[in-house]
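Fold and geometry: a report
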Amino acid sequence: MRQHVQEATSHLIEKLRGMQSNDGSWRFCFEGGPLTDAYMIILLRTLEQDDEWLIQQLVTRILSIQQPNGSWKLFHDEEEGNLSATVEAYYGLLFSHYMDPDSAEMQQAKQYIIEHGGLTKTNSLTKALLAVTGHIPWPKHLQLPIEGFLLPRTSPIHFYQLVGYTRVHLTPVLISSNLNFSYKTSHTPDLSELINTRLPIDLKFHTGDEKLILNTLFEQIGPLLMKPKESRQLALKKAERFMLERIEPDGLLYNYFGATFFMIFALLSLGYKKNHPFIQNALHGLRNQLCLTNDFHHIEYCPSTVWDTALLSHGLQQAGVPETDPLIQNAMTYLLSRQHLEFADWALNNPDTLPGGWGFSDFNTLEPDVDDTTVSLRAIRATVSHHPALRNSWNRGLNWVLSMQNDDGGWSAFEKNLDHPLIAQLPFKDAYRVLLDPSTADLTGRTLEFLGNDANLRLPHAAIEKATQWLVRNQEENGSWYGRWGICYIYGTWAAITGLLASGTEPSSAPVRKGVNWLLSVQNTDGGWGESCYSDIQKRYVPLGASTPSQTAWALDALITAHDQPTNEINKGMTYLIQSFTQSDWTTKYPTGGGIPEVFYIHYHSYKYIWPLLTMSHYFRKY
């Protein structure tokens, strides 16, 4: 086995050597469903942009992933398809003007939409798309009063209790919805046939908790409404300024496709012209998020360049590539150029710490996150240890990570102590996961693993003690942990086990043993592991019925860390992992990145290299 692992590792290293970009980064496609491609077509046609080559490419890609029943799916085993994704894809294809409405593909899609409830049954994001382009009235739950922007941070509820990525998506939606704005052209297709008149447009919220949060919000806003016209104008100005101050150098709002899409419409609602530089720069930035999947062109929601580059550089070094190799040096130069050195929204709850984190995307300068920071620090550690002039970058990054620990002992992704119970009662599906940024097992475990293995911080260090206690408290009864940003329990359990062991927790401890036993209990007969995206939706482990390379690598890495000698289960898993390099089927393209439950999942094209490389390196080094 050792020889097979070494040969496979060497093959991966050489392959990655030829894939590095001139600036030292690795640029892989961050692939989702049809959402971004459809929205891009709709945006270009609405703004009457002549970009026929791009539209044709996106049409081709959308059609390539249509299902035999006419629907579009977010993941392979989504049983009947996804209504919102199908509405978005159908709308985009219809607006492209390259599809005959009477074609078999379009008629099948139309029939699927009608049979599954029509436009009124779509999710909130799709409803916002349909409302802003004039197909349905604005739903009431998307018309929360814009005056909420005026509430101070001393209020029981205020805007900055929402996580940053939600703030930048919700702000432009609230601007447009409060102005009751929609933008329709003479060429906008008619979707009225898809509206089920027997179903209300609005989601209905009846629980006491939802009424409590809405009553609290209106009580706080009440005094502002004594001068309603002035308050509304002031709030709109504040919301506008909020957006403009968070436009990144590439013209995008926080580097997110969806936030930028709705920002363009919000600017139009505020009186900006289509040719305004803000709008034109945003369009240019969105076009630049075009990537090539295996066969098709696709618009990325947010490029994963920093994340991929840091993980690959770290993995290559674990595989034995020296830090003096140009492969690593070029990656380090790129990563150091992407360290954040300015204060941003993260500092609102963490004001006494200097900037020093890293973000996810290439042009991200305003939204550092804990996961990208720890992996970037891993990637530069060896070089920094030999070059004292670079230690300031290391120290600022490490201090930033430590300062971002939540009061409950865990780590979240983007902001500190953003877990307000009132916000979780806002009338949005999965509000706790979408609107807030609570501590998670994956972030806490991965941060502990970095601190223990790369920063030499272990028990009984106070911060490490608090974090390990958080993980123990949040272990599921069956021994697993839920992971927020990957799919899902395999991801969380891997992170928790490796984090606990790196912190100094004994392999024989009850939490580690329970976690290991759970992983062994869900191993597939082919030796691999595979978990369905339904786990993210149902909040319980749902087996995929097949194995995937990244999930297998996660499980194996946890088992390797916990065992002094390779077991039969580990060797069987390694055999599957090595064999998966020659596979090319749906299992190797299955989305294992978590985004928004039932709305957005990610197939990282980099993951078939990153996690197998890291796991094989750990196997070879340890055994």
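Here the structure is shown first, and the text comes after it.
So, about the overall build of the protein. A tally of regular secondary structure across the protein gives 24 helices and five strands. Here the C-alpha atoms of the protein give a radius of gyration of 24 Å, agreeing with the 25 Å that 2.2 N^0.38 yields for 623 residues. Dimensions of the protein, computed from the C-alpha atoms along their principal axes, are close to 65 × 55 × 45 Å. Here the protein holds 623 residues, and 63% of them are scored as buried. In the protein, the proportion of contacts linking residues at least 24 apart, taken out of those at least 6 apart, comes to 74%. Total accessible area on the protein stands at roughly 23700 Å², and carbon and sulfur atoms take up 51% of it. For the protein, the separation between the mean place of its 49 positive charges and that of its 64 negative charges on side chains is 4 Å.

Counting residues in hydrophobic clusters, the biggest one holds 195 residues, and the most contacted among them are Tyr256, Ile264, Leu316, Leu519 and Trp611. When residues no more than four places from it in sequence are discounted, the contact partners of Tyr256 are Tyr165, Val168, His169, Tyr301, Cys302, Glu367 and Phe414.

Before going further, it helps to examine the state of the cysteines. Simply put, disulfide is the name for a covalent bond between the sulfur atoms of two cysteines. Tallying each qualifying case throughout the model produces one disulfide. With no disulfide of its own, Cys302 has Cys291 as its nearest cysteine by sulfur position, at a separation of 11 Å. Of all cysteine sulfurs in the structure, the one in Cys488 sits closest to Cys533, which takes part in no disulfide; the separation is 8.4 Å.

Let us now look at the packing of helix α2 (residues 35-46) against helix α4 (residues 83-96). For the pair α2 and α4, interaxial distance at closest approach is 8 Å and the crossing angle is 35°. Classified by chirality, the crossing of α4 by α2 is left-handed. Contact residues: Leu35, Ala38, Tyr39, Ile41, Ile42, Arg45 and Thr46 in α2; Glu88, Ala89, Tyr91, Gly92, Phe95 and Ser96 in α4. Its residues assigned to classes, the contact of α2 with α4 comprises eight nonpolar, three polar and two charged.

Strands belonging to one sheet form pairs held by backbone hydrogen bonds; the direction of such a pair is parallel or antiparallel. Spatial ordering of the open sheet is given by β1-β5-β4, a layout of three strands whose pairing is antiparallel. Edge positions in the open sheet fall to β1 (30-31) and β4 (593-596), since each of these has one partner strand only.

Analysis parameters
- Residues numbered from 1 in each chain as written.
- Predicted model: local features only at pLDDT ≥ 70, side-chain atom pairs only at ≥ 80, totals over all residues.
- Heavy atoms only, no water.
- Helix = DSSP H or I, 4+ residues; strand = E, 2+ residues; numbered from the N terminus.
- Rg over C-alpha atoms; globule rule 2.2 N^0.38 Å.
- Buried < 20%, exposed > 50% of the residue type's maximum accessible area, 1.4 Å probe, protein only.
- Contact = heavy atoms within 4.5 Å.
- Areas by Shrake-Rupley, 256 points an atom, 1.4 Å probe, with all protein chains shown as cover.
- Lys, Arg positive; Asp, Glu negative; His and termini not counted.
- Charge placed at Lys NZ, Arg CZ, Asp CG, Glu CD.
- Core = buried A, V, L, I, M, F, W, Y, C linked by side-chain atoms within 4.5 Å.
- Disulfide = S-S within 2.5 Å.
- Axes fitted to C-alpha atoms, helices over the stretch in contact; angles between N-to-C directions.
- Left-handed = near helix turned anticlockwise from the far one by under 90°.
- Nonpolar A, V, L, I, M, F, W, Y, C, P; charged D, E, K, R; others polar.
- Pairing = 2+ DSSP bridges.

Read these as layout, nothing more, since geometry by itself doesn't imply function.
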